[in-house]
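If you want the building blocks of each chain, they are given just below.
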Amino acid sequence: MTPPRAAAIFAALASGAISACTNGGGLGTPAGGGGGSPSPLPSAAIGVGIPSGKIGVENDPVWGTVGGYTQNKTSQVLAFTPGVTITITNLSKTTPHTLNVIEKTHGPPAHFPSNPSLPFSPRGNGILGPGYGSGALNAGQSVKVKLTKPGIYLIGCAFHYAGLNMRDVIQVEAGATPGPTASPGPGGYLERRPDPIGPRADLVDQRGRRFTLPALRGEPVVLTFVSAHCTDACPLINAQFSDAAQRLRRDGIAARLLTVTLDPKRDSPAVMRELAQRFGADPRYWLLASGTAPNVHAVMHRFGVISEEARPGESERHTTFVYLLDAQGRLAQTMLASTAMSDAIVDALHKKREVANR
Ligand SMILES: [Cu+2]
């Protein structure tokens, strides 16, 4: 059972990419996302949805973490040629969103301001540019916008920019396509890398066995990062992984969960073994790993994981994403940790299996 206070903290945690290990901040439970994974969209379309919902977030290697807007099915940096008219559609069945231009940028990377004022009413006469706002789009509603002015625009949702990091990048330039100009979604950039699954740095699991991420290829891997000594958010992520591991075993899903420490200096392999024992982790389904600091940091760096050392009197802050790698080791989906993580993991793995069996 999750005590109520912890649940509140975790709900708040789910709404931010970076969370303190303690002190949730009280943002409340994120509003309902999409309900069902969206279908691929027409080419001149932008789909809009909660970034922690079914369309996920993307760790774009060029622009950073973006989420909430898509040209196909998953969050991605968007790109279009100038002159086209785009239909912006709210993919949610429950929640209003907007698409607002925050500013024109020269990036990368994308420097999103922390608290811009984004109007809820339509602005900009249907032409995308600085100051443009779609106005509130209710569930399922659409609006058209013309992309006449070339440039790179940071966009966000007036409702969910601050609380849920609903923000993204649109590039309007000659020759732009959903790839390679924009990020094409899962695996797009990563397929072109020689070693999609990341560094061959050795990690050490709870049995004391050395392994590398590439050695786990052959079945999907669900990866997250925690601190063993964190007393609020991380134990809840662990509880979700523990639940998911039991469901993988029960449902006979060939996949593996992997928890890597964020703090190799404190979390030795012995500490991770204790953590594994506390949750009764079966290594066939759930590995908990540490390693030398350079090796662990190499893996963290590969996934853009940030962990700041605690300042005096404060707890450390770290990213709280969960990464789904497909059987070939490609990044297929990035999810925000949440109290529904176990469901999200099992759903995503079931979907992978359906696709593989087609
Ligand atoms: Cu929104």
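Placed above this text is the structure.
Computed from a predicted structure; not experimentally measured. (Residues numbered from 1 in each chain as written. Predicted model: local features only at pLDDT ≥ 70, side-chain atom pairs only at ≥ 80, totals over all residues.)

A. Quick look at unusual backbone geometry. We note that N125 has phi near 50°; this positive angle belongs to a residue other than glycine. With respect to the secondary-structure elements, N125 resides in the loop between strand 8 (100-105) and strand 9 (142-146). Positive phi, close to 55°, is recorded for N165, a residue that is not glycine. With respect to the helices, strands and loops of the structure, N165 is situated in the loop between helix 2 (161-164) and strand 11 (167-172). (Helix = DSSP H or I, 4+ residues; strand = E, 2+ residues; numbered from the N terminus.)

B. Looking closely at helix 6 (residues 293-302). By the burial criterion, the buried members of helix 6 are N295, V296, V299 and M300. Take helix 6 and look down its axis: the buried residues cluster within an arc of 135°, on one side only. Residues of helix 6 that are exposed and point over 90 degrees away from its buried face: A293, P294 and H301. Structurally, helix 6 contributes buried residues whose contacts are with strand 12 (203-204), strand 14 (221-226) and strand 15 (256-261). (Buried ≥ 20, exposed ≤ 12 C-beta atoms within 10 Å, placed from the backbone. Arc of directions from axis to C-beta. Contact = placed C-beta atoms within 7 Å.)

C. View of the sheet that holds strand 2 (residues 45-48). As summarised here, the arrangement of the four strands in space is 5-2-7-9, forming an open sheet in which the pairing is mixed. For this open sheet the edge positions go to strand 5 (69-70) and strand 9, each flanked by a neighbour on one side alone. Bridge count for strand 7 (residues 85-90) against strand 9 is five bridges, and the pairing is antiparallel. In the strand pairing of strand 9, T85 is matched with K146. (Pairing = 2+ DSSP bridges.)

D. Representation of the environment of T85 within the structure. By the secondary structure assignment, T85 is in strand 7. Taking the C-alpha atoms as reference points, T85 and L147, 62 residues apart in sequence, are found 6.1 Å from one another. Not counting residues up to four positions away in its chain, the partners in contact with T85 are A44, K144 and K146.

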